[in-house]
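# Fold and contact review
Given next are the chains, with one letter for each unit.
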Amino acid sequence: MATGEFQVMKVPAEQLTGILHGQVVDPGAQPTHVVRRDEGWTVDVSWEVTGELVDWMAGCWHVEIIADLLGGGETRHPSPPVEMTFTPGSGRYTASIPMRGQLTAGTYDLVVNLTTTTAAGTAGALGGFVVLSKILVRE
């Protein structure tokens, strides 16, 4: 499982900090680096924010997977990103992004991208990313 940290914060870490995890999981729920394009594989993501300001957060998380084909181009999945409302009193979140049929055969660098919007719908100042290891997608 790969780990990342929150990158954009305008408050001291003791007031709000976070950690982000992600991994590619095969249809049997096992971590993997090789998948078949048309099988039910996912990217499982979990993150936690802690600190005095967790109860004051309002808005939404947006989770997406950025897939960069080696020698090719970049795509984002899903479109639009998964949206989850902040949960007051709890700073723990999980998402499972289904990837069946989303990528053609090849080798990819995958990045979990986590951003926020405020309760007013504007871009939030909280977010992060985690770089997953290369994966091989087979037909």
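Let me begin by describing the structure that accompanies this report. (Residues numbered from 1 in each chain as written. Predicted model: local features only at pLDDT ≥ 70, side-chain atom pairs only at ≥ 80, totals over all residues. Heavy atoms only, no water.)

## Observations concerning the overall build of the chain
- Scanning the chain from terminus to terminus reveals 0 helices and 9 strands.
- Listing every helix and strand of the chain by position from the N terminus yields β-β-β-β-β-β-β-β-β.
- For 139 residues, the compact-globule formula gives about 14 Å, and the C-alpha radius of gyration of the chain, at 16 Å, lands near that figure.
- When its C-alpha atoms are laid out on the principal axes, the chain stretches across 45 × 25 × 20 Å.
- Within the span of the chain, comprising 139 residues, buried residues form 37% of the whole.
- Computing the positive centroid from 8 side-chain charges and the negative centroid from 15, the chain places the two 8 Å apart. (Helix = DSSP H or I, 4+ residues; strand = E, 2+ residues; numbered from the N terminus. Rg over C-alpha atoms; globule rule 2.2 N^0.38 Å. Buried < 20%, exposed > 50% of the residue type's maximum accessible area, 1.4 Å probe, protein only. Lys, Arg positive; Asp, Glu negative; His and termini not counted. Charge placed at Lys NZ, Arg CZ, Asp CG, Glu CD.)

## As for the pattern of salt bridges
- Scanning all chains against the criterion turns up 5 salt bridges.
- D109 is paired through a salt bridge with K134; the nearest N and O atoms lie 2.8 Å apart. Taken together, the residues span a long stretch of sequence, with D109 in strand β8 (residues 106-118) and K134 in strand β9 (residues 128-138) at a distance of 25 residues.
- Bridged by salt links that share partners, the residues E64, E74 and R76 form one connected network. (Salt bridge = Lys/Arg side-chain N within 4 Å of Asp/Glu carboxyl O.)

## Details of the side chain of N113
- Along the chain, N113 turns up in strand β8.
- The class for N113 is buried, based on a relative accessible area of 18%.
- Apart from residues lying up to four places away in sequence, N113 is in contact with H62, V63, E64, I66, R76, G128 and F129. (Contact = heavy atoms within 4.5 Å.)

## Points about the side chain of H77
- Positionally, H77 belongs in strand β6 (residues 74-85).
- At a separation of 3.2 Å, a polar atom in the side chain of H77 contacts the side chain of Q102.
- Sequence-distant contacts of H77, that is, excluding residues within four places in its chain, are made with E64, I65, A67, I97, M99, Q102 and L103. (Polar contact = N/O pair within 3.5 Å; in protein donor to acceptor, adjacent residues only side chain to side chain.)

## A word on the sheet that holds strand β1 (residues 2-5)
- Taken in spatial order, the 4 strands of this open sheet run β1-β2-β4-β7, and their pairing is antiparallel. Where the open sheet ends on each side, the last strands, each with one partner, are β1 and β7 (92-98). Pairwise comparison of adjacent strand axes, ignoring direction, gives a mean angle of 20° for this sheet.
- In the sheet, strand β4 (residues 42-50) pairs with β7 via 7 bridges, with the strands oriented antiparallel. Counterpart to W47 in the pairing with β7 is Y93. (Pairing = 2+ DSSP bridges. Axes fitted to C-alpha atoms, helices over the stretch in contact; angles between N-to-C directions.)

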